[in-house]
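Structure assessment
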Amino acid sequence: MPAKSALWKIPPVIWIIALLCVLYGLFAPGFFTFRNLQNIIVQASPLLIVALGMTMVILTEGIDLSVGLTMGVIGVFCAFLMKTGYPMGLAVLLGLSAGTFFVFLNGLLVSTAKLPPFIATLGLGSMVFGFGLVLTGGESVPISNSAFRFLHDGTIIGLPMPIFLAVVVFGFAWILMYHTPFGRNVIALGGNPEALRVAGVNIERAQTLVYTLAGFLAGITGIIIAARTASGYAAATYDWEFDAIGATIIGGTSFEEGQGGIGKTILGVLLISVLRNGLNVAGVSNKYQFAFIGLVVLVAIIIDVKFRQATEGGAEA
Amino acid sequence: MLDGEPIIQVKGIVKDFPGVRALDNVSLDIRPGEVHVLMGENGAGKSTLAKILMGVITPDAGEIIYKGKSIQIRTPLEAQSYGIGGVHQEFMLVPWLNVAQNIFINREPKRWKGLPFIDHRRMHEESAKALAKFGISVDTRQPVKYLGTAVQQMIEICKVLTTGPKVLILDEPTAVLTEREVEKLFQYIKVLQSQGVAIIYISHRLAEIRRIGDRVTVLRDGKYVGTVPVREVTDDTLVQMMVGRNITQMYPRHRRASGPELLRVKGLCVKDGPQEVDLVVHEGEIVGLVGLVGAGRTELARAIFGIDRPVKGEITVKGKPVWPKSPQQMIRYGLGLLPEDRKRYGLALNMPVTKNVIMASLRRHFRFMIDSQKIEKLSNNYINELRIATPSAYRLVRYLSGGNQQKVVLAKWLDTESKLFIFDEPTRGIDVGAKVEVHALMDKLVQEGAGILMISSELPEVLGMSDRIYVMFRGRIIGHFRYDEADQEKIGALMLGIGVKEADAS
Ligand SMILES: Nc1ncnc2c1ncn2[C@@H]1O[C@H](COP(=O)(O)OP(=O)(O)OP(=O)(O)O)[C@@H](O)[C@H]1O
Ligand SMILES: [Mg+2]
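Keep in mind the model is a prediction, meaning the values are calculated, not measured.

1. Looking at the overall build of chain B
Scanning chain B from terminus to terminus reveals 19 helices and 20 strands. Here the C-alpha radius of gyration of chain B, 23 Å, is about what a compact globule of 506 residues would show, namely 23 Å. Along the three orthogonal principal directions, the C-alpha set of chain B runs to about 70 × 55 × 45 Å. Within the span of chain B, comprising 506 residues, buried residues form 58% of the whole. Sequence separation of at least 24 residues holds for 67% of the intrachain contacts in chain B that already meet a minimum separation of 6. Working note: accessible area of chain B is about 21,600 Å², and carbon and sulfur atoms make up 50% of it.

Laid out in structure tokens, this is it:
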């Protein structure tokens, strides 16, 4: 293959992000301010955390349609515990454990009961949501605890908390994926689970673990969002799985053969966050935002798939 | 050394699958330092026995005795703890893991003892070292997806060799290798043998068994037929033991005068592949295409069939110029390709035999309504004709033995009524009995006016079946013979590029 120019090697997502930035720079005054750019990163951070878990799940040829609802309910649970007088640390811990446990059940349904992941996670998601509604009567539960609010509003070593958490989680996920057997399991579960099995790995357990980890990450995100809105509301994040899945796919992870990785998911997250933020700054109403984001995500995926065919097609032989 | 105590004995092993008794009271013993060959028709139970020893399947009854002690092998890890390991017949690599990750899957060297952090540097070094023993130098950081099937197979072999096995099981390891790699593998087997490793070797190739086998055990329909020293048994007896009858003619060929031209390829070039290839296939002809792996045979077939785009050249089908754009288009022109990598391109593993057989020819049979009885009848015809071992036409293909899966792909293409077939390694992994059937079928096809371009790494097959033979070397056709001018030496030498001027060879 003749050497292609370096420009050609840049993934198309970056071009799309750049294009969006130019457009917004022209049409949405206020987009290119330090405050707003920082805002984008702060908004992107929780999405990155869920999307990392989603990427791992998708790499196993699975999917988790329960993350949005689980996130909301974890927020509710924390808010509820704090309202009934639990100290904040314990509430967060219990909230996280509860969320992780829910998704652990997801994992069991998929790995052991062999349910198709989208059915299992959809079913469990609505069960969890129902639980959240019962707990709160469908109302939003306010959180007044300022230590809890710190999880979103505070800064640590100069970084806003969400960014700090995203960086820590990303580092943790990276080590797990690329420096421990966990990552090998993730890729192999999607690529050739039989190969894992004959190598002596308990594939049911490995699969359950991936879902559980994704649930844990969704839990962290749910708590950040609850801290941001200073409330627990079951439906607060009901559509987040769409963004998480979109970011994963835009990042180049595919549903087949365990192809992809968590690195490029950052780009997918950035694309979605830039897109949404710009629309907000430009004052586009929520209704149109939905349709528009769906469109851009689709286009980005199509371009990416075509691009990959064009650059990798020859190596298939 | 060969008379030593057996390292492993199996006694009265029984294994049932729904509708099939895969192993029925099978017993044998394996001694250190011997190459013990397992033979038998497709579906005889060879792989099932191998998997039982590797801890992937547990037997329903019977006993396994390791160095005189009765043991149970319930998991692959238990098998490993007894030093039993092997290469499976199926593809057991993970496409997007790199070479080293595949070789050390679930055995990664750790950076610190007791902690789960992988020592990548050591893993890559040791992988490269293991591959180098076979003269393979690939970037161990590449996903195995990008490598050719032969290299992938050598990776599978390195995967087990790096465990230092005491009992090494090789289930049709050479099916996707060419002579060069086979040679390396056999040399290595000799080394292992001298170190006292016991080797269980499964293959359909008599020539290989003669070269490396010490004793051979034959299975038929899951039953034990007998164990004999390789030196004391003739090919005919072995075949007789396997299929229960005599085979007189391996290559039943009725040569006829060839008819009009079916396919002409002129000056065809494929990026990084075949260069300036000219060839013709006529009606009523079987044309052999030989060469080493990497010579570009499969790439040529894929380009003609529209899978990969050629960069320049001309192709005419029955005199009409065609530029291959997609397999669908070429199928409409009457071409059929039996691909080399059947698992990936030829089969829907999760569908029954019936659907696989009909997949490429559905539209030919049915205009409006699909008649499932007719499909069943059709499938049963192929099941009988090709001797596909399956309890029913509705069995999912994934549950058939390796060789029987191949026959299903073959049936699929035979059913398309193509006029021109490209067969890429049509009898790889197929047992002797069925091989003759496949050869007879190919002969019948050309008798009826089809033309066949046959890629094969088995020279006797090419010599026995072809009317004309092309030899490919580094992407170019460097030799062309009528069958009566060709012989093993001439073609073998050309395949290796011996006698080719450097200017042509580069
Ligand atoms: N997992 C399974 N489920 C159902 N049937 C199976 C399964 N594995 C094997 N069989 C059946 O058991 C029989 C023996 O299969 P096996 O794979 O051991 O044959 P083999 O001797 O290795 O044949 P080949 O030469 O084609 O590889 C076949 O009839 C096959 O269809
Ligand atoms: Mg087999």
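2. Quick notes on the coordination of the magnesium ion (ligand 2)
All names here are of chain B. Protein ligation of the magnesium ion (ligand 2) involves Ser47 (OG) and Gln89 (OE1), the donor distances falling in the range 1.9 to 2.1 Å. With Ser47 in helix α1 (residues 46–53) and Gln89 in the loop between β6 (84–87) and α3 (99–103), this pair connects stretches of sequence that are 42 residues apart. The exposure class of Ser47 is buried, given its relative accessible area of 17%. Gln89 gets classed as partly exposed once you look at its relative accessible area, which sits at 25%.

3. Examining the packing of helix α4 (residues 67–83) of chain A against helix α5 (residues 88–111) of chain A
Residue and element names in this part refer to chain A. Where α4 contacts α5, the axes come no closer than 9 Å and their chain directions differ by 150°. It follows that α4 is roughly antiparallel to α5 by the angle criterion. In the crossing of α4 with α5, the sense of the turn from one axis to the other is right-handed. Where α4 abuts α5, its residues Thr70, Ile74, Phe77, Cys78, Leu81 and Met82 lie against Met88, Ala91, Val92, Leu94, Gly95, Ala98, Gly99 and Val103. A per-class count over the contact of α4 with α5 returns eleven nonpolar, three polar and no charged.

4. A few points about the site of ligand 1
All names here are of chain B. Around ligand 1 lies a shell of 21 residues, among which Gly43, Ser47, Thr48, Ser401 and Gly403 are the nearest. Asn42 is positioned such that a nitrogen or oxygen atom in its side chain is 3.0 Å from an oxygen atom of ligand 1. Take Gly45: an N or O atom from its main chain is 2.9 Å from an oxygen atom of ligand 1. If ligand 1 stood free it would expose 630 Å²; the protein chains cover 89% of that surface. Considering only residue class, the shell around ligand 1 consists of six nonpolar, eleven polar and four charged.

5. What to know about the interface of chain B and chain A
Often, the extent of an interface is quoted as the loss of accessible area upon association of its parts. On the side of chain A, 27 residues touch chain B, which itself brings 29 residues to the contact. Taking both sides of the interface into account, the surface hidden between chain B and chain A amounts to around 2,400 Å²; carbon and sulfur atoms contribute 58%. Joining chain B to chain A, the criterion identifies one salt bridge. Across the pair Glu108 of chain B and Arg184 of chain A runs a salt bridge, and its minimum N-O distance is 2.6 Å. Where chain B touches chain A, the interface holds seven residue pairs in polar contact (both at pLDDT 80 or more). Per-element tally for the side of chain B that touches chain A: the top contributor is helix α2 (residues 76–81) of chain B, with three residues. Residues that form the side of chain B that touches chain A fall into these classes: 16 nonpolar, four polar and nine charged.

6. A look at the domain arrangement of chain B
Residue and element names in this part refer to chain B. You can read the domains of chain B as domain 1 (8–243), domain 2 (249–334 + 419–431 + 449–506) and domain 3 (340–417). Averaged C-alpha coordinates put domain 1 and domain 3 at centres separated by 29 Å. Facing nine residues of domain 1, the contacting portion of domain 3 comprises twelve residues. At the boundary of domain 1 with domain 3, total buried surface from both sides reaches about 710 Å², with 43% on carbon and sulfur atoms. The interface formed by domain 1 and domain 3 contains three residue pairs in polar contact (both at pLDDT 80 or more).

7. Considering the packing of α4 of chain A against helix α11 (residues 203–229) of chain A
Residue and element names in this part refer to chain A. Two numbers describe how α4 lies on α11: the axes approach to 8 Å, and their chain directions differ by 55°. The orientation of α4 relative to α11 falls into the category oblique. Every pair of crossing elements has a handedness; the one defined by α4 and α11 is right-handed. Judged by residue contacts, Val67, Met71, Ile74, Gly75 and Cys78 of α4 engage Ala218, Gly219, Thr221, Gly222, Ile223, Ile225 and Ala226 from α11.

8. Points about a nonpolar patch on the surface
A surface patch of nonpolar side chains, amounting to about 550 Å² of accessible area, comprises Leu19, Val22, Leu23, Leu26 and Phe27 of chain A. Looking at the secondary structure, you find Val22 of chain A in helix α2 (residues 12–27).

9. So, unusual backbone geometry
The phi angle of most residues is negative, glycine excepted, and most peptide bonds adopt the trans form. Of note, the phi angle at Ala230 of chain A is positive, near 55°, even though the residue is not glycine. If you check the backbone angles, Glu172 of chain B has positive phi at about 50° while not being a glycine. Relative to the helices and strands, Glu172 of chain B is located in the loop between β7 (167–171) and α6 (179–194).

10. Regarding the nonpolar core
Ranked by size, the top nonpolar core spans 128 residues in total, and within it Met56 and Phe148 of chain A carry the most contacts. A total of 14 residues in this core trace back to one element, the largest contributor, which is α11 of chain A. When neighbours within four sequence positions are excluded, Met56 of chain A is seen to be in contact with Ala173, Met177, Phe182, Val186, Val210, Leu213 and Ile262 of chain A. Membership of the second largest hydrophobic core comes to 75 residues, among which are Leu292, Leu347, Val409 and Phe481 of chain B.

The rules we used
Residues numbered from 1 in each chain as written. Chains lettered and ligands numbered in written order. Predicted model: local features only at pLDDT ≥ 70, side-chain atom pairs only at ≥ 80, totals over all residues. Heavy atoms only, no water. Helix = DSSP H or I, 4+ residues; strand = E, 2+ residues; numbered from the N terminus. Rg over C-alpha atoms; globule rule 2.2 N^0.38 Å. Buried < 20%, exposed > 50% of the residue type's maximum accessible area, 1.4 Å probe, protein only. Contact = heavy atoms within 4.5 Å. Areas by Shrake-Rupley, 256 points an atom, 1.4 Å probe, with all protein chains shown as cover. Donors = N, O, S within 2.8 Å, 3.2 Å for Na, K, Ca; no water. Axes fitted to C-alpha atoms, helices over the stretch in contact; angles between N-to-C directions. Parallel < 35°, antiparallel > 145°, perpendicular 65-115°, else oblique. Left-handed = near helix turned anticlockwise from the far one by under 90°. Nonpolar A, V, L, I, M, F, W, Y, C, P; charged D, E, K, R; others polar. Near = heavy atom within 4 Å. Polar contact = N/O pair within 3.5 Å; in protein donor to acceptor, adjacent residues only side chain to side chain. Buried area = accessible area lost by both parts, 1.4 Å probe. Salt bridge = Lys/Arg side-chain N within 4 Å of Asp/Glu carboxyl O. Domains from an automatic or database assignment. Patch = residues over 30% accessible without salt bridge, like charges linked within 9 Å, V, L, I, M, F, W, Y side chains within 5 Å. Core = buried A, V, L, I, M, F, W, Y, C linked by side-chain atoms within 4.5 Å.

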